Amino acid sequence: VIEINPGAIFLKEGETSRDVTLVLSGIVEKIRTRDAIYAALSAGALIGGMSALTGHASHHTYRAASFVQALRFPSGLFAEIVRRNGLYERMQRSFDLRGFLEATSIFGEGIPAVVMHQMIEGAGTHRFEAGDVIPSEDLDTLNLIRKGRVERRAGDVLLDVLEIHDHFGEEEAI
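Keep in mind it's a predicted model, so treat the numbers as computed, not measured. (Residues numbered from 1 in each chain as written. Predicted model: local features only at pLDDT ≥ 70, side-chain atom pairs only at ≥ 80, totals over all residues. Heavy atoms only, no water.)

Enquirer: Would you take a moment to explain the packing of aromatic side chains for this structure?
Expert: We describe a pair of aromatic rings using the distance from one ring centre to the other and the angle between the two ring planes. Enumeration over the complete set of coordinates arrives at 1 aromatic pair. Here Phe73 and Phe78 contribute two aromatic rings whose centre-to-centre distance is 6.3 Å and whose plane-to-plane angle is 40°, an arrangement assigned as tilted. With a relative accessible area of 22%, Phe73 lands in the partly exposed category. (Phe/Tyr/Trp six-rings, centres within 6.5 Å; stacked < 30°, edge-to-face > 60°. Buried < 20%, exposed > 50% of the residue type's maximum accessible area, 1.4 Å probe, protein only.)

Structure (structure tokens):
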């Protein structure tokens, strides 16, 4: 177990992590200034995991927002465990969807890692072509726009236009 002081940066955007960090307690800020993405990560968050699997540099900077306790283990060990257990595709999907969710206004701040994991496991994807009407059953669940745009209309009247990271359906989902 390691301790990280508030304000300490332990992985910078553009660096390849040699370690994977599992947050045990405290809050870590996930920052990507060029896209104005800021997220708060808490216990259960895994930092550097995708970098360990792909060998690519981190897309974010991670900074301790409070005193943080964490487990740190070598990237190679993490990658080997994932590969041996056939978890690569599942982990890749999870990291990808988590990154998208954390970039939205409703999931970017302080969602516990366990809850985020449950949402990712239960999430589904729907594709609509331009001009399609979204079925009413899809309006009963929270929908996040990953690509494209949605026009909300009342008859021929355009009410608003939703773009990437916007959401709809939350009124009925609650």
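Enquirer: Honestly, unusual backbone geometry in this entry has me stumped. Any pointers?
Expert: Trans is the common state for peptide bonds, and a negative phi is the common state for residues other than glycine. Positive phi, normally seen in glycine, also occurs at His165, with a value near 80°. Given the relative accessible area of 27%, His165 is considered partly exposed.

Enquirer: Where do I start with the sheet that holds strand S3 (residues 19-25) in this structure?
Expert: Hydrogen bonding along the main chain pairs the strands of a sheet, whether they run parallel or antiparallel. Reading across from one edge, S1-S8-S3-S6 is the order of the 4 strands in this open sheet, with antiparallel pairing throughout. Each end of this open sheet is capped by a strand with a single partner; those strands are strand S1 (2-4) and strand S6 (46-47). (Pairing = 2+ DSSP bridges. Helix = DSSP H or I, 4+ residues; strand = E, 2+ residues; numbered from the N terminus.)

Enquirer: What's the story with a nonpolar patch on the surface in this structure? I'm lost.
Expert: Together, Val1, Leu24 and Leu71 give the surface a local cluster of nonpolar side chains, amounting to about 260 Å² of exposed area. Structurally, the position occupied by Leu71 is in strand S8 (residues 68-74). Its relative accessible area of 34% is what places Leu71 among the partly exposed residues. (Patch = residues over 30% accessible without salt bridge, like charges linked within 9 Å, V, L, I, M, F, W, Y side chains within 5 Å. Areas by Shrake-Rupley, 256 points an atom, 1.4 Å probe, with all protein chains shown as cover. Salt bridge = Lys/Arg side-chain N within 4 Å of Asp/Glu carboxyl O.)

Enquirer: How do you make sense of the sheet that holds strand S2 (residues 9-11) when you look at a structure like this?
Expert: An order of S2-S7-S4-S5 is seen for the 4 strands of this open sheet, with the pairing classed as antiparallel. Pairing within the sheet leaves two strands with one partner each, and these edge strands are S2 and strand S5 (37-41). Adjacent strand axes in the sheet meet at a mean angle of 25° when their direction is disregarded. Taken together, the 5 bridges between strand S4 (residues 28-32) and S5 define a ladder with antiparallel strand orientation. Among the inter-strand pairings, Arg32 is bridged to a residue of S5, identified as Ile37. Against the sheet, helix H3 (residues 88-102) contacts S4 and S5, and its axis sits at roughly 110° relative to S5. (Axes fitted to C-alpha atoms, helices over the stretch in contact; angles between N-to-C directions. Contact = heavy atoms within 4.5 Å.)

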